[in-house]
Amino acid sequence: MFITFEGSDGSGKSTQARLLAHSLRRAGHDVVETREPGGSPRAEAIRALLLSGKAARLGALAETVLFNAARADHLRVTIRPSLARGAIVICDRFADSTRAYQGVLGKMDDDLLVAAEAAVVGDTAPDLTIILDLPAELTLERLGARRETVGEAADKFEEEALAHHDALRQAFLDIAALAPARCVVVSAQAPVEEVAKRIFALVMDRVSPEAGRSAPRPAKNTDGRPKRQR
Ligand code: TMP
């Protein structure tokens, strides 16, 4: 089973991904925790370049290419082998982040993002995507608290920042509306333990009792149907 966490910065994705991995391991499952950008040595090197801000100078298209290049390596080195051995893979951000961030912030054309995603992800789409949802005001509050930037500078950019976080939030909600079988929107406003309980319950509803224990995931055709075993 391939599970991804998505949502705005400050929504608690990383914490929830870690808590879910912990609960699933306690329930006896083999779990691989990973993240994007990153998740393999080469992809982590690309992450360092992207998050350093240096890649931004190359422009939004180059950044989009770099996120996808990192993803291709991450899938090849970490995700696909883990799924093939039957592990549950939990990934903190995945392709929906490119759709949201590069679409909204980079103003990349949706057709281009969809085509790149199809080429890179192929049939390794997540089985379940948990979108942690937070109103823009709360995102800003949490990020402000985290970065301790409350004050004049924060006030000055607040309006712009609100619009930015609101657009990102809406992008994730739109993705969820387009893929209701895969995506579940979970409010990130409740206390951490409550959100974790909710996520664990919805994962346990979907996880097969054998997932991550022994049975390897069957290979899929490009149309998503299981390949016939020879
Ligand atoms: P993180 O803070 O969740 O580790 O993610 C790092 C940043 O990278 C975050 O601001 C979102 C951004 N990002 C993209 O812009 N596009 C992507 O495809 C991914 C995976 C992350």
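This text gives an overview of the structure that appears in the document. (Residues numbered from 1 in each chain as written. Predicted model: local features only at pLDDT ≥ 70, side-chain atom pairs only at ≥ 80, totals over all residues. Heavy atoms only, no water.)

Given a rise of 1.5 Å per residue, 25 residues ought to cover 36 Å, and the 34 Å separating the end C-alpha atoms of helix α3 (residues 60-84) matches this to within 8%. The sharpest bend along α3 comes to roughly 50°, located at L75. Positive backbone phi, approximately 100°, marks G86, located one or two places after α3. (Helix = DSSP H or I, 4+ residues; strand = E, 2+ residues; numbered from the N terminus. Expected span 1.5 Å × (residues − 1). Bend = angle between axes of the 7 residues up to and from the residue.)

Further remarks concern the site of the ligand. Close to the ligand lie 13 residues; R47, R93, T98, Y101 and Q102 are nearest. Between an oxygen atom of the ligand and a side-chain N or O atom of D9, the distance comes to 3.4 Å. The contact in question runs from an oxygen atom of the ligand to an N or O atom on the side chain of K13, over 3.2 Å. Considering the ligand on its own, with 470 Å² of exposed area, one finds that the protein chains cover 82% of that surface. Of all the secondary-structure elements, those providing two or more residues to the shell around the ligand are α2 (41-52), α3 and α4 (95-104). When residues of the shell around the ligand are assigned to their parent elements, the largest contribution, 4 residues, is made by α4. Across the shell around the ligand, the residue classes tally to 4 nonpolar, 3 polar and 6 charged. (Near = heavy atom within 4 Å. Polar contact = N/O pair within 3.5 Å; in protein donor to acceptor, adjacent residues only side chain to side chain. Areas by Shrake-Rupley, 256 points an atom, 1.4 Å probe, with all protein chains shown as cover. Nonpolar A, V, L, I, M, F, W, Y, C, P; charged D, E, K, R; others polar.)

Applying the stated rule across the entire model yields 2 aromatic pairs. Between F2 and F94, the ring centres sit 5.1 Å apart and the planes meet at 80°, which makes this aromatic pair edge-to-face. Highlighted residues: F2 in strand β1 (residues 2-7) and F94 in the loop between β3 (88-92) and α4, separated in sequence by 92 residues. The pair F2 / F94 is uniform in exposure class, with both members buried. Measuring from centroid to centroid gives 6.2 Å for Y101 and F172, while their planes differ by 70°, and the two rings are edge-to-face. Taken together, the residues span a long stretch of sequence, with Y101 in helix α4 and F172 in helix α7 (residues 152-178) at a distance of 71 residues. Of the residues examined, Y101 reaches a relative accessible area of 13% and is grouped as buried. The class of F172 is buried, set by a relative accessible area of 2%. (Phe/Tyr/Trp six-rings, centres within 6.5 Å; stacked < 30°, edge-to-face > 60°. Buried < 20%, exposed > 50% of the residue type's maximum accessible area, 1.4 Å probe, protein only.)

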